[in-house]
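What the coordinates show
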Amino acid sequence: MNNIKRLASTAAIVAATLGLSACAGMSTQDRNTAVGAGVGAVAGSVLTGGSAIGTVGGAAVGGVIGNQVNKPPR
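The name an unreviewed UniProt entry gives the protein is Glycine zipper 2TM domain-containing protein, with Duganella vulcania as the organism.

Here is the structure:
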């Protein structure tokens, strides 16, 4: 059982490291969109009790809000 936990935690650390390194070439607006989608997904999940529709809806709304924050003027 300890081997499974150790393998799972190692896999999670590797996945997080790879995921964060993918953000290196993103613009500020792209990062804001990704962060907004992540925060929105968590908030939607919490507010709807873990509903998949609430999570996806929260991610969509959060992504749009994150995209609009500090948007460069036209």
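A word on the UniProt feature "domain: Glycine zipper 2TM" (unreviewed entry) in the protein. As annotated by UniProt and renumbered to match this structure, "domain: Glycine zipper 2TM" (unreviewed entry) occupies residues 33-69. As a span, residues 33-69 carries 86% helix and 0% strand, and end to end its C-alpha atoms are 9 Å apart.

Let us look at the packing of helix 2 (residues 28-47) against helix 3 (residues 52-68). Contact geometry of helix 2 with helix 3 gives a least axis separation of 6 Å together with a crossing angle of 150°. It follows that helix 2 is roughly antiparallel to helix 3 by the angle criterion. In terms of crossing hand, the pair formed by helix 2 and helix 3 is right-handed. Residues Gln29, Asn32, Thr33, Gly36, Ala37, Gly40, Ala41, Gly44 and Ser45 of helix 2 touch helix 3, and the partners they reach there are Gly54, Thr55, Gly58, Ala59, Gly62, Gly63, Gly66 and Asn67.

Cut-offs applied
- The numbers attached to residues start from 1 for each chain and follow its sequence in the written order.
- Totals for whole chains, interfaces and linings use all residues, but because this is a predicted model, local features are given only for residues with pLDDT of at least 70 and pairs of side-chain atoms are given and counted only at 80 or more.
- Heavy atoms from the whole structure form the basis of all side-chain values; hydrogens and water molecules are not counted.
- UniProt positions are given in the numbering used here, feature names are shortened, and annotations may be inferred rather than shown by experiment.
- Only runs of H or I of at least four residues qualify as helices and only runs of E of at least two qualify as strands under DSSP, and these elements are numbered from the N terminus.
- Lines fitted to C-alpha atoms define the axes here, with helix axes fitted over just the stretch in contact, and angles between the N-to-C directions of these axes take values from 0 to 180 degrees.
- The labels follow the angle: roughly parallel below 35 degrees, roughly antiparallel above 145, roughly perpendicular from 65 to 115, and oblique for the rest.
- Two helices cross in a left-handed way if the nearer one is turned anticlockwise from the farther one by less than a right angle. They cross in a right-handed way if the turn is clockwise.
- Contact definition: two residues touch when any of their heavy atoms are within 4.5 Å.

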